[in-house]
Amino acid sequence: MSTELYIGGPIGLLGGQVSDPEVYDRVRETAADRPAEDSLPDVPDPAGDHEDLERKLRRDDVEAKHQRVREFLDRTNQDAVILGRADSIAWFTAGGDLGQDVCSENGSILLFINRNCRAVLADNVQSCRVFEEEVAGLGFQLKERPWFDDPMRVVAELSHNKKVATDLATETPSPWRRTLDPLRDLRRQLTPLERQRLRELGRTLALAVEATCRNFDRGEREADVAGHLAHRLIREGVTPVDLRVASDDRLARYRQPTYKAAPILRKATIAVTGRRHGLCASVTRTVSFGPPEEEFRRSHSLAAMVDATCIYFSRPGEVISEVFRRARRIYEKFDAPHEWTLDYQGVLIGYSPREALLTPDSSMRLEPNMAVCWSPSVGSARSEDTIVVDSRGYEVVTAAQNWPQIEVAVKGYSLPRPGILER
């Protein structure tokens, strides 16, 4: 394995997609400090044509999800599913924004789904917006109740004498879950619409993080920079569900730092997880004022090597424990055998920022259309991007757009990984 520095432009996606530089690029324009025009998507028109292309794509996606639920009911000999978590509802409604608040795990509605119908259980406060802005034309029925009535009474009525599966747990789900539960497993493989949305989200995240790294001033606080990035994302309709800014060597002391009032004097590592249409993606970039210290450069190169190794072997049929074994060999080869024990190495990502934590003993087997985020760190250096396992290999959806690159060779194949931006 070898590395070399390469300064290049945007990285192309798999499938031979070509961008036309003459076409107006809304994402790139609004990643700058002063967008030339409003970038937020229009509010849906409840009286609009339900057969417009975007609505049709969403309805087809919901139909595909409903078919997965039917197969689940047949497989488990149950009658219906009730979904109440915000991420589950966003998944089934093809991106409905239906959480109780911005980052709530609880939905503002419930979904009742059996083999023949799908119904929204909503109170009279929520029902109008839900059906006009979030699920119009998607084939849902409405079961409305007064806001002061207990929603569980409606659930009990619908579930009477039925075998019902639900994501409404009696205990808070662990953020360190190792495996997917049966209902969460239904959303493990992304649909074509989800893959396109994740691709667009990843590009937006990469551009916003890179613009933030290029434009803040030395001496600004971590919290200031976090605010700059949050502003860029929110005006693009992206909710920053996790945002971390680590100045200088804080990342070496705290592998999962939050942003504080510490001034950024020499370098900063910015990591963000953003959500749009219910889907999440994560990305990390590092910026240095002047040439970074040689030790930090070596650490960053090693993190990039491990990241590239994990990405390369994230292929259909590969077992997670085998990917870990290969990654640990890289750590050991470069005299850092214990670094992997000091930080999370990766997660499955999707409608939750952490669908499942990837561990060295995991027997989970990667499948096409699964989204994975590897995030190895070495000292105060980190390398992180979101990928989708593809039948042809993988696709990096947060690929660097205008950023220094490190070319890492894995099995004779060159993988570009984000380098350090020097300002």
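It should be emphasised that the depicted structure is a prediction, and the values quoted were computed from it without experimental measurement.

The rules behind these values
- Residues numbered from 1 in each chain as written.
- Predicted model: local features only at pLDDT ≥ 70, side-chain atom pairs only at ≥ 80, totals over all residues.
- Heavy atoms only, no water.
- Pairing = 2+ DSSP bridges.
- Helix = DSSP H or I, 4+ residues; strand = E, 2+ residues; numbered from the N terminus.
- Axes fitted to C-alpha atoms, helices over the stretch in contact; angles between N-to-C directions.
- Contact = heavy atoms within 4.5 Å.
- Phe/Tyr/Trp six-rings, centres within 6.5 Å; stacked < 30°, edge-to-face > 60°.
- Lys NZ or Arg CZ within 6 Å of the ring centre and 35° of its normal.
- Core = buried A, V, L, I, M, F, W, Y, C linked by side-chain atoms within 4.5 Å.
- Buried < 20%, exposed > 50% of the residue type's maximum accessible area, 1.4 Å probe, protein only.

Caption draft 1: Examining the sheet that holds strand β6 (residues 164-166) more closely. In spatial order, the strands read β5-β4-β3-β2-β6; together these five strands make up an open sheet with mixed pairing. Each end of this open sheet is capped by a strand with a single partner; those strands are β5 (141-145) and β6. Direction aside, the axes of adjacent strands within the sheet are offset by 20° on average. Pairing between strand β3 (residues 106-114) and strand β4 (residues 118-123): four bridges, direction antiparallel. Each residue of the ladder has a partner; that of F112, found in β4, is A119. Packed on one face of the sheet, helix α2 (residues 53-76) meets β2 (80-85), β3, β4 and β6 and runs near 65° to β3. Sitting on the sheet, helix α5 (residues 151-159) touches β2, β3, β4, β5 and β6, and the angle it makes with β3 is about 10°.

Caption draft 2: The arrangement of unusual backbone geometry in detail. We note that A94 has phi near 60°; this positive angle belongs to a residue other than glycine. The topology assignment puts A94 in the loop between α3 (86-92) and β3.

Caption draft 3: Geometry of the packing of aromatic side chains. Here the structure, examined in full by the defined rule, presents seven aromatic pairs. Here a set of aromatic residues connected by ring pairs shows up, and it is made of W91, F92 and F140. One Lys or Arg, R118, reaches over the ring of F140 and ends 5.5 Å from the middle of that ring.

Caption draft 4: The arrangement of the nonpolar core in detail. One finds L83, F92, L111 and L198 to be the most contacted residues of the largest nonpolar core, which totals 62 residues. With seven residues, helix α7 (residues 192-215) is the largest single contributor of residues to this core. Grouped together as the second largest cluster of nonpolar side chains are 36 residues, M305, A327, L358 and V378 included.

Caption draft 5: The pairing of strand β9 (residues 279-288), seen in detail. For β9, the buried fraction is high: 10 of the 10 residues fall into the buried class. In β9, alternate side chains face the same way, and those of L279, A281, V283, R285 and V287 on one face and C280, S282, T284, T286 and S288 on the other are all buried. Where strand β8 (residues 267-276) lies against β9, 10 bridges are found, and the strand directions are antiparallel. By the bridge assignment for β9, R276 is matched with L279. Hairpin connection between β8 and β9: a loop of two residues separates the two successive antiparallel strands, and H277 in this loop has a positive phi of roughly 55°. The pairing of β9 with strand β19 (residues 420-422) spans three bridges and is classified as parallel.

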